[in-house]
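# Understanding the architecture of this molecule
This is what each chain is made of:
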Amino acid sequence: MAQAYNNFLSQLERAMSVKDFGTELYGLLRSPMKQIEHQLNVTMDDGSSRTFEAYRIQHNNWRGPYKGGIRFHPQVDLDEVKTLAALMSFKTAVAGIPMGGGKGGVTVDPKALSQGERERLDRAWAQAFKADIGPTVDVPAPDVNTGSFDMDIIAAEYGHPAVVTGKSVEHGGSLGRDTATAMGGWYVLQQLKDRLFLDPEMFTVVIQGFGNAGATFADICARHGVKVVGTSDSSGAIYSTDGIDIAALHAHKQATKSVKDFPGARNISNAELLELECGVLVPAALESQITLENAARVNAKVILELANGPTTVEADDILFGKGIQVIPDILANSGGVTVSYFEWDQNMKGEQWSAEQVDVMLKDHMEKAAEEVWKRAHENTVDMRRGAFILALERLQQAKP
Ligand code: GLU
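To start, this report covers the structure provided alongside it.

Parameters and conventions
Residues numbered from 1 in each chain as written. Predicted model: local features only at pLDDT ≥ 70, side-chain atom pairs only at ≥ 80, totals over all residues. Heavy atoms only, no water. 1 Å grid on protein atoms, 1.4 Å probe; cavity = no way out; pocket = protein on both sides within 12 Å on 5 of 7 lines; lining within 4 Å. Points joined across faces, edges and corners; volume = space filled by probe spheres on them. Helix = DSSP H or I, 4+ residues; strand = E, 2+ residues; numbered from the N terminus. Nonpolar A, V, L, I, M, F, W, Y, C, P; charged D, E, K, R; others polar. Expected span 1.5 Å × (residues − 1).

## Quick word on empty space enclosed by the protein
- Applying the stated criterion across every chain, the model contains 2 cavities of 30 Å³ or more.
- Of the volumes computed, that of the largest cavity is approximately 90 Å³.
- As for the largest cavity, its lining consists of Ala4, Asn7, Phe8, Gln11, Thr83, Leu84, Leu87, Glu287, Ser288, Asn308, Gly309 and Thr312.
- Of all elements in the fold, only helix H1 (3-18) and helix H3 (78-95) reach the threshold of two or more residues within the lining of the largest cavity.
- When residues in the lining of the largest cavity are grouped by element, the largest group, 4 residues, is from H1.
- Quantified by volume, the second largest cavity comes out at close to 40 Å³.
- Every residue lining the second largest cavity is listed: Gln11, Arg14, Val313, Asp316, Asp383, Arg385 and Arg386.
- The set of elements that each furnish at least two residues to the lining of the second largest cavity consists of H1, helix H10 (313-321) and helix H14 (384-399).
- Broken down by class, the residue content of the lining of the second largest cavity amounts to 1 nonpolar, 1 polar and 5 charged.

This is the structure in structure tokens:
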């Protein structure tokens, strides 16, 4: 079942049917350049040994080293990692950074691992993929359920900080990397909000996924006085018309490990969350959340895709028909990889930039990317997803050897 990858191919074909890039380019981009799979053997705390399936997919490197995160999730499979790798090639092109696209994944439930088991898994990953990664070859980073802890271990195991990004600041990470995905999404939204007729009065926000990107986006909303009326995590969803107190929700989640049963909010289902009336719906969890099945009931003015691949192509058409504007993942969440590139650049030059410098550069990159995408969408009278793919295709074609 290659559902997610087929969705990516449809997105690519739809963009290529708007602007002609020739069949050669399609042929070169429709498959990854390299697929690597390993079985990772990890000694568990009880002395037993377990094997985990691990992947690294290198989709394209015309514009620079392969770049993209490593995901730990029980549902990780080849189709998913291939899809996410391909999206990275388009994302780095939209962001205008000199990197290509790749992705890694391990089929594992990280919640079931102890700290020591997790560390041994990270080491096993680094050892298995050592020959295929490197600062000028392929530069992994965090993704769903991975973070600086894992990146620090991989960097140490490999022996060079620039081999991965998203490290802790003490180990060569960049200031601002942890908040970059959400911050980048916020800057894109600010850049486009007048053109999207986002009336500040109706600018309420619903965030699916109170994880790294989603919770940071909620913090940014709180700082700007924007009301977050609903959010969720893997255990459930909550809703309050009065707006959720985000600082209190962090404390509640810390204490109970879940957003559910938050005082002053109502527990709802994930399906209900996606259909709440709001200004901006922010999918910040996993793929294929807005589909043929529920798209007609989405009640937002704008969708800001902080997750990768949350909307299927069938849903795109329904949303477009309803006048709901989708700010696509390869633009909306490209702030993460943009600051990853800044981190890599600092490591290569032996520099450490200030938080202000990183923020100014991120804002500038995101505003330019948003403008360029909007221009392509407007010129071709298509949605922003096709606009973003067209922009990426232009840049990929230019870089093609
Ligand atoms: N995993 C993130 C993404 O999907 C970041 C990738 C990176 O920083 O290389 O964009």
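## What to know about helix H12 (residues 334-349)
- Taking 1.5 Å per residue as the helical rise, H12 with its 16 residues ought to reach 22 Å, and the 23 Å between its terminal C-alpha atoms agrees with that figure.
- Looking one or two residues beyond H12, the residue adopting positive phi is Gly350, at roughly 65 degrees.

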